[in-house]
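Below, each chain spelled out in residue letters.
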Amino acid sequence: MTTTLELTTPAADQAAGASTATPQFNTTVDRKALLVAGNGVAASLPTRPAAPVLAGIVLEATDGHLTLSAWNFDHATRDRIPAVTTTPGRLLVHGRLLHDLLKKLDADSVTLFAEGSKLIVQAGPTRYTLQTLPVEDYPQLPAIPAAGGTVDAPALVAAIKRVIVSAARDDTIPMLTGIQITGEGKTLTLAGTDRFRLATAEVPWIPDDLDAETWTALLPAKLLKTVATRWAKTIGDLRLTWQPEAGDEIAAEAKARQVLAELESRMWHGHPDVVKAREIADRRTEARVQAEHRAGLAGLAFGEQHTTGRCLRSEYVRYRSLFPTQNTGAVADTKALLAAVERVALVADRTSPIRMTFDGTSVLLEAGAGDEAQASEPVPAVWPGETPLVASFNPAYLIDGLKTLNTQYVRIGFTNPAKPVVLTGHHNLTADDYDGYRYLMMPLRTPGQNAAPEPETAAPEQQQVSATDKQQPADGLEEDQQAAAFMATVGTHCLGQAVAAAHREQRDARGTIAMLRAGVDAESADWLEERGTQDMNEIIAETEAFITWARTAPASCGPDCVPCAALTTASGCEGGDLP
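Remember, it's a predicted structure, so these values are computed and weren't measured experimentally.

Draft legend 1. View of the layout of surface pockets. Volume-wise, the second largest pocket comes out at about 830 Å³. If you trace the second largest pocket, you find 24 residues lining it, with Thr177, Pro220, Ala221, Lys222 and Leu223 closest to the centre. For the lining of the second largest pocket, the element with the most residues is helix α5 (residues 221-230), which contributes 5 residues.

Shown next, in the form of structure tokens:
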């Protein structure tokens, strides 16, 4: 259906005369209120709608109110504003076009009324005529979940902005594109990770039922980003609600279908028992479909503004065990350290780390080596360790972590240089306060840096990975043969490119192990843990042996080969995976 737009002047209006069509929709609203509502609802308009009607915004005029709503099958948005309605009605109009023209109007009020199949938008002397879409074809919006609680809007928005930087931006692993929200007692915990860093934030909230069991919801990061933008300046309490998955209805349907199949195998299809079983199975299927329409939903509301989104159907990474219970921390001024890191990072490319050397009174930042551009800068810092500590990090991840801190001081907690570090924000040098936010990231392995030994209490899977990390060929001839075989496998004669490929394979293997630990159905868990983890560890061992060999091997290309030259100054990896 073609969308038309007509702009007329008052003179043209008078010439055309009054329309003889009886309006089915007529309401007048404040222009600013309508624009704010349109901005919020437009966030649910799909970029490429699967059907023409999904490009529309539903307008529903009732006595005293106008409700705008949109739904893209992932999340729905509703907003109700005061209105003077003379003719109640419901219609569907092209959303982007309505949103764009509302931004250009400058009148105090806007009158919306229908003339046949068209919507007239009258604002002062300006008049728009928009073609409507068939509102009866628009899908029903999901019901707003009932159970939940309230949370301070600025606190939730701040937590979303701090955690969302760690969520994955591509959908290679859909689970990682989400933010997990956990409600436990009077605390909400938000968590996001892309395998290379992990961020968690705690926010106080008041649940409807203080004795309710712990619950979790995995919401798309894009949805929460929309929520944070919509209510960025809101002061007050948001209502957060959720609806769990329809597990009981699914089980009931499966049982009913099983009984029906058993009866049909023994009796003719017209037998009364079979007919009865079929009716029950059909009712169970209908109940399951209705439950799934409500299931896995989370809702947020502020006054008359509502957003409802579907949860991702995945089990999230079990991340809590990644945070060490004890560590040694260096404390520095957050703004001073961030500014220094940004300056030093100017000479580091995407595969080059920033080296941080901690001594008793400062941290020395360094980037670049050899014939490349180099930078170094000391920053005052308190390091309580007895000996200096050297660690290297992806500069982009380090900058992201420092930017999310809202405190004067940052504490960088280490267990050892090869283990994940934890950034926390504090208001004093003693770092004895905690604002509920933690940012964890993996250090990078640099040439000449030996892996620290695993603690005795490491999990069996961690011990297995650590053991394979240290495996090396027995003699030089075998090393050369294995290295040549690996370069043939990745299809390159360039040593630098082969090392980069080895790091990518190692990163993907570690990520796969993390996914296997994240939880699967019980029937498949044993096989996946045994076979999948074993295969991934073999890849890690092979690539680690090749990388170790390549650090001392002569370059395979000329001096102008950038990947080969990088072997002398950097590890060639893009970033460490979470263990």
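Draft legend 2. Inspection of the pattern of salt bridges at higher detail. A full pass over the atoms with the stated rule returns 10 salt bridges. One salt bridge in this structure joins arginine 230 and aspartate 79, with 3.5 Å as the shortest N-O distance. Separated by 151 residues along the polypeptide, arginine 230 in helix α5 and aspartate 79 in strand β5 (residues 75-82) bring together distant segments of the chain. This pair shows no difference in class: arginine 230 is buried, exactly as aspartate 79 is. A salt bridge links arginine 343 to glutamate 377, with the nearest nitrogen and oxygen atoms 2.6 Å apart. Of this pair, arginine 343 sits in helix α8 (residues 334-344) while glutamate 377 sits in strand β22 (residues 375-382); the two residues are 34 residues apart in sequence, bridging distant segments of the chain. According to the relative accessible area criterion, arginine 343 is partly exposed, its value standing at 45%. Connected via shared salt-bridge partners are Asp194, Arg197 and Asp400.

Draft legend 3. How the structure looks around the nonpolar core. Counting residues in hydrophobic clusters, the biggest one holds 66 residues, and the most contacted among them are Leu337 and Met356. No other element matches helix α4 (residues 153-163), which puts 6 residues into this core. With 41 residues, the next largest nonpolar core counts Ala61, Leu98, Leu112 and Tyr128 among its residues.

What counts and how
Residues numbered from 1 in each chain as written. Predicted model: local features only at pLDDT ≥ 70, side-chain atom pairs only at ≥ 80, totals over all residues. Heavy atoms only, no water. 1 Å grid on protein atoms, 1.4 Å probe; cavity = no way out; pocket = protein on both sides within 12 Å on 5 of 7 lines; lining within 4 Å. Points joined across faces, edges and corners; volume = space filled by probe spheres on them. Helix = DSSP H or I, 4+ residues; strand = E, 2+ residues; numbered from the N terminus. Salt bridge = Lys/Arg side-chain N within 4 Å of Asp/Glu carboxyl O. Buried < 20%, exposed > 50% of the residue type's maximum accessible area, 1.4 Å probe, protein only. Core = buried A, V, L, I, M, F, W, Y, C linked by side-chain atoms within 4.5 Å.

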